[in-house]
Every structure is written in C-alpha cells, then in structure tokens.
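Here is how the chains run, residue by residue.
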Amino acid sequence: MRPLLLALGGSLLLVSCGYSKAPSAKDGAGGQQELLVVSYAVTKGAYDRLLPKFVADWKAKTGQELKIRTSYGGSGTQTRAIIDGLDADVATLALSADVLKLQKAGLIQPGWEKELPSESIITNSAVAFLTRPGNPKGIRTWNDLVKPGVTVVTANPKTSGGARWNFLGLWGSVSQAGGSQQQAEDYVTKVYQNVENLPKDAREASDVFLKRDQGDVLLNYENEAILATKTGDLKAPFVVPEVNIRIEGPVAVVDKVVDRKGTRKAAEALAAYLFTDEAQQIFADEGFRPTNPTVWERVKTRFAPVKQFFSVNDFGGWTQVNKEFFDNGGLWDRLFAKSR
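Residues numbered from 1 in each chain as written. Predicted model: local features only at pLDDT ≥ 70, side-chain atom pairs only at ≥ 80, totals over all residues. Heavy atoms only, no water.

S.K.: Would you explain the sheet that holds strand 12 (residues 289-290) in this entry?
M.R.: Backbone-to-backbone hydrogen bonds pair the strands of a sheet. The strands run either parallel or antiparallel. Strand order in this open sheet of 3 strands is 10-5-12, and the pairing throughout is antiparallel. Where the open sheet ends on each side, the last strands, each with one partner, are strand 10 (247-250) and strand 12. Strand direction decides the pairing type here: strand 5 (residues 121-125) and strand 10, joined by 4 bridges, are antiparallel. Paired with Ser 125 across the bridge in strand 10 is Ile 247. (Pairing = 2+ DSSP bridges. Helix = DSSP H or I, 4+ residues; strand = E, 2+ residues; numbered from the N terminus.)

S.K.: How do you make sense of the pattern of salt bridges when you look at a structure like this?
M.R.: Where charged atoms of side chains with opposite charge meet at close range, the side chains can pair. The tally for this structure, following the rule as stated, stands at 24 salt bridges. Between Asp 207 and Lys 211 there is a salt bridge, and its shortest N-O distance comes to 3.7 Å. Through salt bridges with shared partners, a single ionic network connects Arg 49, Asp 285, Glu 286 and Arg 302. (Salt bridge = Lys/Arg side-chain N within 4 Å of Asp/Glu carboxyl O.)

S.K.: Looking at this model, I keep getting lost on the sheet that holds strand 6 (residues 127-131). Mind explaining?
M.R.: Taken in spatial order, the 3 strands of this open sheet run 6-8-7, and their pairing is mixed. For this open sheet the edge positions go to strand 6 and strand 7 (152-153), each flanked by a neighbour on one side alone. Note: strand 6 against strand 8 (residues 217-221), 5 bridges, orientation antiparallel. Across the sheet, the residue bridging to Ala 128 is Asn 220, located in strand 8. Lying on the sheet, helix 4 (residues 161-175) is in contact with strand 6 and strand 8; it crosses strand 8 at an angle near 110 degrees. Running over the sheet, helix 6 (residues 202-210) touches strand 6, strand 7 and strand 8 and is turned about 155 degrees from strand 8. (Contact = heavy atoms within 4.5 Å. Axes fitted to C-alpha atoms, helices over the stretch in contact; angles between N-to-C directions.)

S.K.: Explain the nonpolar core to me, please; I cannot follow it from the model alone.
M.R.: As a rule of thumb, soluble globular proteins bury nonpolar side chains together. Grouped together as the largest cluster of nonpolar side chains are 70 residues, with contacts concentrated most on Leu 145, Phe 167, Leu 168 and Leu 270. With 7 residues, the top contributor of residues to this core is helix 1 (residues 44-62). Every residue in contact with Phe 167, bar those within four places of it in the chain, is listed here: Val 188, Tyr 192, Phe 325, Phe 326, Trp 332 and Leu 335. (Core = buried A, V, L, I, M, F, W, Y, C linked by side-chain atoms within 4.5 Å. Buried < 20%, exposed > 50% of the residue type's maximum accessible area, 1.4 Å probe, protein only.)

S.K.: What am I meant to see in the packing of aromatic side chains here?
M.R.: Think of a pair of aromatic rings as described by two things: how far the centres are apart, and how the planes are tilted against each other in angle. For the structure on display, the rule yields 18 aromatic pairs. The interplanar angle of 90 degrees and the centroid separation of 5.8 Å between the aromatic rings of Tyr 47 and Phe 283 together place this pair among those described as edge-to-face. With Tyr 47 in helix 1 and Phe 283 in helix 10 (residues 277-285), this pair connects stretches of sequence that are 236 residues apart. Among the residues examined, Tyr 47 registers a relative accessible area of 2% and is labelled buried. A relative accessible area of 2% places Phe 283 in the buried class. Taken together, the ring pairs connect Phe 167, Trp 171, Tyr 192, Phe 325, Phe 326, Trp 332 and Phe 336 into an aromatic cluster. In this structure, Arg 132 packs its charged tip against the face of Phe 209, placed 3.7 Å from the ring centre. (Phe/Tyr/Trp six-rings, centres within 6.5 Å; stacked < 30°, edge-to-face > 60°. Lys NZ or Arg CZ within 6 Å of the ring centre and 35° of its normal.)

Note that every value here comes from positions in space, so none of it alone points to a role or purpose.
Here is the structure:
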C-alpha cells in the first residue's frame, strides 16, 4: 500500500474495506460506480446523513448503483494526499485555497468556482470561543485571548483549514477594526504565546479541549461548538465574536480523476446535490450556516448574530493570503518562531 493511503481517515460508506478497481468510462446507467469524497474532519456528521440520501436518489433516477467512500482529516493534509495521488472524485475542503492548490497541480480546471451556486461555497461558519463552565477567565472578546494566564487551544495552520480561518479571524479582529499591520502582528504573536500545543485539525482540537480538558478557551468552527453543545460535551455557552471572519467551505469535482475513472456525471450530480434544500437543511442541522438563501431564511435564528463579517477577499484573496501568511517562510512561520 502506498504511504499516502495511510492518510485516509474517517469512515467508508456503503462499501467494504479496501480499494476496488475504479470503474471505466463506459460504465453507464444500471452499472456500478464508486466515488471517493475527500473532506475535512468536522464534516463527517453531515456527510454520514447526506450521502446515503444521494445514493438512494441517484439509484431511483438512473438505475445505477453507486458506492461512496469518504476520507476525513485536516484540510491541508487531505489536499496534499490528493496531489500525491489519492483518487478523490469530489473534494469538499475547508477553504478555497486548498482547491486552488489542486488547480495549480493540474487536477482541477480553472473556473471551478463558477460551476455551482454561491461561488461553489457549500457552507459558511464563523470562529467561536468555547470556554470552561462559568467562563472563569472571562473570555468574551478577541482581546481577552491575550490576557495573562489564559491558555488557548487552536489547530495548526500548516495542516488545518480551520486553523487558517482562526488565524485570519485573529488578524482581522485588529486590521478590520482600523489597526495597523504591526498592531495585528503584535496581537497575533501574543495569542500564539498563549497556545501550548497545535492539534492537526479542528476535530482533534475539540478533543484536546473537551475530552482531555486542556486549555481555557478553544478557537474552533461555530458548528463544532453547536455539535459539542448538542452532545453535552460542552457545558458552557460559547461565544461568537460580533466581528468575525466568514468561513467558506467549497466543493469541487476533481476533473483529472473523474475523467480517468469515468465518474464525472455522478460526481457532478453529487456536487450539485449539496446545494439543494434537502442537503443544505442537513448542513444547518449539523451547525453549518447554509448558503442556500431559502434554507438560511428558515434557520438563521439558530445562529449567533454577527454585526460585521469580513472575508478572505478583505486580505487580498487566497493567493495573496497564502503567499503572505502560510507559505514556507511566510508570516506564520515567523510568528510561530517568535511565539515559542
């Protein structure tokens, strides 16, 4: 087995263990096909509900039996696995920057974001602060994260898309409020001085805080906070800062893979299905903010109000953000060295 396959995590849906031979392009309606959906860690609950519904609907419409495998992990790790040869038919990653890496590698054709509604963004979310019962450290705003004696838990931006969103939330809490570049850098450096370890993805960060009882505050997706509240793992109300980053989760069909495997029709249908009312309602039930306007109007009162959302475009877009913040030798590497 190639080393990259060791990166496969999560569940295998409607299929036995092991990799079967990919169907050929001549497989049509009535035959059998297999898709691999590669996603980031915190989407598993939604896809466990979504994918069986799509499989049943596809069978009813086409007569074709479809098997769907799933792989979950940190978005950066998943992206690297796909580039290294993991045969993802559909990639639903934590940020468009990772899809752009697949595009740069020649796996996805330019213009992918125009092929589906909402610029191919399936879900939105926000950064949430999860605290200990009673919030003994009084953590309510971004500035509270730099208080002396506050221990912060957040994932590693090198491997986790959620951690990159956290980083942009921290940075933007200063820069989008009129602060200078230097003030933003000083603030973010101080926050990471309060971070004791960097889990590999958002779900592991939740486990560190909720199950291992490490840290005073966890920075994570709002949907993770909602899930933890539902399961009873989180005993205290969580905080969604009123000035926040709009977290955008994209979907893309991996062109090079589906054309080789002959799975384009089913893969494109699955990607489109994720924008339907049915799928978007499931995302909402799992704590994600839907991008389908009809569903959003129905569920918006479930979510904390945010007075000011800023976006990655306020930082120049993902190409600029990656170059400035996250590429090797970028600002994150320098801040990490300073914060240690």
